[in-house]
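Letter by letter, the chains look like this.
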Amino acid sequence: VKAISQEGDDLLWKENPDPDLKEDEVLIRIKASAINRADLLQRSGNYPVPPGASPILGLECAGVVEEVGEEINNFVKGDEVCALLAGGGYAEKVSVPSGQVLKVPRGFSFEQAAALPEVFATAYFNLYMEAKLSEGEKTLIHAGASGVGTAAIQICKAMGNPCFVTAGTKEKISRCMELGAEGGTVRNEENFADSVAKWTDNNGVQVILDPVGANYLEDNMKSLTLEGRLVMIGLMGGAKA
Ligand SMILES: NC(=O)c1ccc[n+]([C@@H]2O[C@H](COP(=O)([O-])OP(=O)(O)OC[C@H]3O[C@@H](n4cnc5c(N)ncnc54)[C@H](OP(=O)(O)O)[C@@H]3O)[C@@H](O)[C@H]2O)c1
């Protein structure tokens, strides 16, 4: 297959070995892939490929099932799918365990579907499985206009969890509110702990989703209610508080 290979600073569209297909895997002919911050980190050498994963970049894709492994009974050749990948998305074909594959939602293009798995799985996993957010609990979503942030806002809206965001500009806050956030504050202009206190009548939020780290830690602590949960998914602001 043709795939994007990284050679030094260059990304080259080159011939690579065909992916193997294991019994529990689905082989996808890729129509679209996506770019996340994690891809940028990987390209810069700061996010090593997990052991055994494809050295080809690309953490998600959408496309058409070309072949299925012997154990697969929930997908057939021709299904339109999207998938969360450990790597290999910037290629013509990829094989992936079927548990990481979803049918393309009705009405979605391949390009739209390819942008779903990473950010929606990250947001759902961290809010609802790690932090055990339950109905009605309030959340603070940092970097609300990021890929993960915009997914988190939409999931919170659908699940009945009011959310408040931080982002870099007023325009981004407005867009987050169109997606379902109840309010937001511009980082570097306002202190988010004060804004959260106002939004929650000084009660704080139950869950914070934070990709920033270091410089947010102190105000995160001020923004949590008793038995609140802080989930850190990145260190964009540094690792040392
Ligand atoms: N994509 C994934 O599936 C995934 C999975 C696990 C973890 N993560 C982590 O989640 C974070 C976001 O990923 P993404 O792909 O959603 O990113 P993204 O779409 O590239 O958005 C990143 C946004 O974060 C904000 N930001 C950047 N540096 C910041 C800083 N120092 N302090 C505060 N905000 C900052 C900026 O928005 P504003 O200027 O508007 O604040 C920036 O546009 C990353 O740390 C990533 O490693 C992502």
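Quantities reported herein were computed from a predicted structural model and do not represent experimental measurements.

When you go through the chain residue by residue, the secondary structure sums to seven helices and 12 strands. A compact globule built from 241 residues should have a C-alpha radius of gyration of about 18 Å, and the chain, at 20 Å, falls within 12% of that. Taking the principal axes of its C-alpha atoms as reference, the chain extends roughly 55 × 40 × 30 Å. In the form shown here, the chain has an accessible surface area of approximately 13,000 Å², with 50% of it arising from carbon and sulfur atoms.

Ranked by size, the top nonpolar core spans 23 residues in total, and within it Leu127, Ile141, Ile153, Cys156 and Val165 carry the most contacts. Broken down by secondary-structure element, the contributors of at least two residues to this core are α3 (117-130), α4 (147-159), β9 (163-167), α5 (170-179) and β11 (205-210). Among the elements that take part in this core, α4 stands out by supplying five residues, more than any other. Other than its neighbours up to four places away in sequence, Ile141 contacts Leu127, Gly149, Ala152, Cys156, Cys163, Phe164, Val165, Thr166 and Leu209.

We now examine the domain arrangement of the chain. Domain parsing of the chain yields domain 1 (2-115) and domain 2 (120-232). Using C-alpha coordinates to define each centre, domain 1 is positioned 30 Å away from domain 2.

Once that is clear, we can look at the packing of aromatic side chains. Per the counting criterion, the structure on display carries three aromatic pairs. With a centroid separation of 5.2 Å and an interplanar angle of 35 degrees, the aromatic rings of Phe164 and Trp199 are classed as tilted. Of this pair, Phe164 sits in strand β9 while Trp199 sits in helix α6 (residues 192-199), and the two are 35 residues apart along the sequence. A residue is classified by how much of its surface remains accessible, and Phe164, at 6% relative accessible area, is buried. Trp199 sits in the buried class, given a relative accessible area of 18%. Centroid distance Phe192 to Tyr216: 5.0 Å. Interplanar angle 55 degrees. Geometry classified as tilted. Separated by 24 residues along the polypeptide, Phe192 in helix α6 and Tyr216 in the loop between β11 and α7 (217-223) bring together distant segments of the chain. For the pair Phe192 and Tyr216, a shared accessibility class is recorded, and that class is buried. In this arrangement the basic side chain of Lys138 is found over the ring face of Trp199, its NZ or CZ atom lying 5.2 Å from the centre.

This brings us to the site of the ligand. In the vicinity of the ligand, 20 residues are found, and the nearest of them are Glu118, Gly147, Val148, Gly168 and Arg187. Within the side chain of Asn36, one N or O atom sits 3.4 Å away from a nitrogen atom of the ligand. In the model, an oxygen atom of the ligand is placed 2.9 Å from a nitrogen or oxygen of the Lys172 side chain. Coverage of the ligand by the protein chains reaches 79% of its 900 Å² of free accessible surface. Taking a 2 Å distance to the grid points as the criterion, the majority of the atoms of the ligand fall inside the largest pocket. Of all the elements in the fold, those that place two or more residues in the shell around the ligand are α3 and α4. At three residues, α3 tops the list of elements feeding residues into the shell around the ligand.

Okay, a negative patch on the surface next. A contiguous patch of negative charge on the surface is contributed by Glu23, Asp24, Glu70 and Glu71. The residue Glu23 is located in the loop between β2 (10-15) and β3 (25-33) in this model. Among the residues examined, Glu23 registers a relative accessible area of 44% and is labelled partly exposed.

Moving on to the sheet that holds strand β12 (residues 224-232). Read across the sheet, five strands follow the order β10-β9-β8-β11-β12 without closing on themselves; strand pairing throughout is parallel. The sheet is open, and its two edges are formed by β10 (183-186) and β12, each paired on a single side. The sheet shows a mean angle of 20 degrees between the axes of neighbouring strands, taken without regard to direction. Across three bridges, the pairing between strand β8 (residues 139-141) and β11 is parallel. Across the sheet, residue Ile141 finds its bridge partner in β11, namely Leu209. Docked against the sheet, α4 engages β8, β9 and β11, running at close to 155 degrees with respect to β8.

So, on to the environment of Pro211. Within the secondary structure, Pro211 is located in the loop between β11 and α7. Judged by its relative accessible area of 10%, Pro211 falls in the buried class. Separated by 13 residues in sequence, Pro211 and Lys198 have C-alpha atoms that sit 23 Å apart. Look past the residues within four positions of Pro211 in its chain and what remains in contact with it is His142, Ala143, Ile233, Gly234, Leu235 and Met236.

Conventions adopted
Residues numbered from 1 in each chain as written. Predicted model: local features only at pLDDT ≥ 70, side-chain atom pairs only at ≥ 80, totals over all residues. Heavy atoms only, no water. Helix = DSSP H or I, 4+ residues; strand = E, 2+ residues; numbered from the N terminus. Rg over C-alpha atoms; globule rule 2.2 N^0.38 Å. Areas by Shrake-Rupley, 256 points an atom, 1.4 Å probe, with all protein chains shown as cover. Core = buried A, V, L, I, M, F, W, Y, C linked by side-chain atoms within 4.5 Å. Buried < 20%, exposed > 50% of the residue type's maximum accessible area, 1.4 Å probe, protein only. Contact = heavy atoms within 4.5 Å. Domains from an automatic or database assignment. Phe/Tyr/Trp six-rings, centres within 6.5 Å; stacked < 30°, edge-to-face > 60°. Lys NZ or Arg CZ within 6 Å of the ring centre and 35° of its normal. Near = heavy atom within 4 Å. Polar contact = N/O pair within 3.5 Å; in protein donor to acceptor, adjacent residues only side chain to side chain. 1 Å grid on protein atoms, 1.4 Å probe; cavity = no way out; pocket = protein on both sides within 12 Å on 5 of 7 lines; lining within 4 Å. Sits in = over half its atoms within 2 Å of the grid points. Patch = residues over 30% accessible without salt bridge, like charges linked within 9 Å, V, L, I, M, F, W, Y side chains within 5 Å. Salt bridge = Lys/Arg side-chain N within 4 Å of Asp/Glu carboxyl O. Lys, Arg positive; Asp, Glu negative; His and termini not counted. Charge placed at Lys NZ, Arg CZ, Asp CG, Glu CD. Pairing = 2+ DSSP bridges. Axes fitted to C-alpha atoms, helices over the stretch in contact; angles between N-to-C directions.

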